[in-house]
Amino acid sequence: MFTINENYQKLPGSYLFSTIAKKVNDYSAKNPEKKIIRLGIGDVTQPLVPAILEALHKAVDEMGNAKTFHGYAPDLGYDFLRNAIVEHDYRIRGCDITADEIFVSDGAKSDSANIQEIFGSNNRIAVCDPVYPVYVDSNVMAGRTGTYDAGTERWSDVIYMPCTMENDFVPELPKERPDMIYLCLPNNPTGTTITKPQLQAWVDYANQVGAVIIYDAAYEAYISEENVPHSIYECEGAKTCAIELKSFSKNAGFTGVRLGYTVVPKELKCGDVSLNGMWARRHGTKFNGAPYIQQRAGEAVYSAEGRAQLKEQIGYYMRNAAAIKKGLQEAGYTVFGGVNAPYIWLKTPGKMTSWEFFDDLLERANVVGTPGSGFGPSGEGYFRLTAFGSHENTIAALKRIQSL
Ligand code: MLT
């Protein structure tokens, strides 16, 4: 008789965004006449920009001709894309990252879930609280998190680093010693971020205690302030302690196209063992490479036209963020984020819990957001709105919230 991975049985409830989708679908089925505005999951709404569309069309045509057809992609990514990444995401920022340290994938969600596989099952993870649920859930599945306490909503073996308004949403160095530290900056869900000296302190700490930082930089393109690092490799010493995850979903609208990459520096070692070699081995065995068509689209992200067009698109979303932030503040809400990230993080009014506010907003304003407590216990009493809606829907949602 086969057995199952019992760790899956430990997972409480369903995945956050599946739970929300079900609640919204149920409400919609009962109230078909209501026009619901979705500012919940961070899914983009604006079409692919012309430079990317052109690259996609061209690549599709190439696939229809035997002379230019492409079969399996190289499992670590095509050189044309890896070289463009090195040049535009690293070299121009003074980061010494080479193409053989870049691993192209089908997106940062899968990489952020899969990366834990190359680490020992006894490693202790440290996460911000609130946190993107994938980091914790993937470690639950791997049996690394101990037991779940439904009362505290915490796992016995996870080190939590609360990020609340009391500490300006800046995680403090943990008192217990972690082996793997997950940082997402600019942060999902709080929409806040940290300065370069603050990130340098994390890098120094990780090197000192022998921990690895899994650095999720999916929202890097939304940074608008000086002195906020775009990559962890801007910090001295990061190549011996950090893996960086990047996505094309939010900077180029690829949530439905699927493309991302992970940087594993060759200097990152456990004893004599290179993590770069391990991740290459894992990629080679379990992944057949992101499709040629997507990788050509990814290359277009870095062309002069692509960069100019995407700057406009990011500006569009950030105008939404600014409008939500200002509008909510005028309505008396306490609001965070929205300056270096496309997420607005607000205090729920009065003593409402995050889920009470979710239900209230859905029922009375027909607006969907994400309850802060879904990201972890320290998210209780907060709520997330995304700036990824259309401008019209964003303004309409704001008016509805203001008139509650
Ligand atoms: C979010 O809403 O937190 C994100 O869209 C989730 C993701 O990128 O997978």
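For the structure, see preceding data.
Keep in mind that this is a model prediction, so the values were computed, not measured.

### Side note on the overall build of the protein chain
Thinking step 1. Counting secondary structure elements, the protein chain contains 13 helices and 17 strands.
Thinking step 2. Per-residue burial for the protein chain yields a buried fraction of 55% across its 404 residues.
Thinking step 3. Sequence-distant contacts in the protein chain: of pairs separated by 6 or more residues, those separated by 24 or more amount to 73%.
Thinking step 4. Surface exposure of the protein chain reaches about 17600 Å², of which carbon and sulfur atoms provide 52%.
Thinking step 5. The protein chain carries 40 positive and 47 negative side-chain charges, and their two centres are separated by 3 Å.

### Side note on the pattern of salt bridges
Thinking step 1. Tallied over the entire structure, the rule returns 17 salt bridges.
Thinking step 2. For Asp359, the salt bridge is made with Lys23, and the minimal N-O distance between the two is 3.2 Å. One end of the pair, Asp359, is in helix α12 (residues 354–365); the other, Lys23, is in helix α2 (residues 16–30), with 336 residues separating them in the sequence.
Thinking step 3. For Asp360, the salt bridge goes to Arg364, with nearest N and O atoms at 2.9 Å. Of this pair, Asp360 and Arg364 both sit in helix α12, four residues apart, which is roughly one turn of the helix.
Thinking step 4. A residue is classified by how much of its surface remains accessible, and Arg364, at 52% relative accessible area, is exposed.
Thinking step 5. Each of Asp89, Arg93, Glu220 and Lys246 takes part in one network of salt bridges that share partners.

### A short note on the packing of aromatic side chains
Thinking step 1. With the rule as written, the count across this model stands at 26 aromatic pairs.
Thinking step 2. Between Tyr135 and Tyr182, the ring centres sit 4.9 Å apart and the planes meet at 20°, which makes this aromatic pair stacked. Taken as a pair, Tyr135 in helix α6 (residues 133–141) and Tyr182 in strand β7 (residues 180–184) lie far apart in primary sequence, 47 residues in all. Accessibility assignment for this pair places Tyr135 and Tyr182 in one class, buried.
Thinking step 3. The interplanar angle of 75° and the centroid separation of 5.9 Å between the aromatic rings of Phe169 and Tyr382 together place this pair among those described as edge-to-face. In this pair, Phe169 sits in the loop between β6 (159–162) and β7 while Tyr382 sits in strand β17 (residues 382–386), placing the two residues 213 residues apart along the sequence. Exposure class is identical for Phe169 and Tyr382. Each is buried.
Thinking step 4. Within the aromatic cluster, the residues linked to one another by ring pairs are Tyr15, Phe17, Phe169, Phe336, Trp345, Phe375 and Tyr382.
Thinking step 5. For the cation-ring pair, Lys347 lies above Tyr382, with the distance from its terminal atom to the ring centre recorded as 4.4 Å.
Thinking step 6. Its guanidinium or amino end placed over the ring of Tyr343, Arg384 lies 3.9 Å from that ring's centre, counting from NZ or CZ.

### Here we look at the environment of Lys286
Thinking step 1. Within the secondary structure, Lys286 is located in helix α9 (residues 275–286).
Thinking step 2. Residues Lys286 and Asp75 lie 211 residues apart in sequence; the distance between their C-alpha atoms is 9.2 Å.
Thinking step 3. Looking at Lys286, its side chain comes within polar contact range of the side chain of Glu117, at 3.0 Å.

### Points about helix α4 (residues 79–90)
Thinking step 1. The end-to-end C-alpha distance of α4, which contains 12 residues, comes to 15 Å, matching closely the 16 Å that a straight helix rising 1.5 Å per residue would cover.
Thinking step 2. Every buried residue of α4 is listed here: Phe80, Leu81, Arg82, Ala84, Ile85, Val86, Asp89 and Tyr90.
Thinking step 3. Buried residues belonging to α4 abut β2 (102–105), β9 (242–247), β10 (260–263) and α10 (292–301).

### So, the sheet that holds β7
Thinking step 1. Strand order in the open sheet formed by seven strands is β2-β10-β9-β8-β7-β3-β6, and the pairing between neighbours is mixed. Two strands bound the open sheet, and with one partner strand each, they are β2 and β6. Across the sheet, the axes of successive neighbouring strands diverge by a mean angle of 20°, strand direction being ignored.
Thinking step 2. Pairing between β9 and β10: four bridges, direction antiparallel.

Definitions and limits used
- Residues numbered from 1 in each chain as written.
- Predicted model: local features only at pLDDT ≥ 70, side-chain atom pairs only at ≥ 80, totals over all residues.
- Heavy atoms only, no water.
- Helix = DSSP H or I, 4+ residues; strand = E, 2+ residues; numbered from the N terminus.
- Buried < 20%, exposed > 50% of the residue type's maximum accessible area, 1.4 Å probe, protein only.
- Contact = heavy atoms within 4.5 Å.
- Areas by Shrake-Rupley, 256 points an atom, 1.4 Å probe, with all protein chains shown as cover.
- Lys, Arg positive; Asp, Glu negative; His and termini not counted.
- Charge placed at Lys NZ, Arg CZ, Asp CG, Glu CD.
- Salt bridge = Lys/Arg side-chain N within 4 Å of Asp/Glu carboxyl O.
- Phe/Tyr/Trp six-rings, centres within 6.5 Å; stacked < 30°, edge-to-face > 60°.
- Lys NZ or Arg CZ within 6 Å of the ring centre and 35° of its normal.
- Polar contact = N/O pair within 3.5 Å; in protein donor to acceptor, adjacent residues only side chain to side chain.
- Expected span 1.5 Å × (residues − 1).
- Pairing = 2+ DSSP bridges.
- Axes fitted to C-alpha atoms, helices over the stretch in contact; angles between N-to-C directions.

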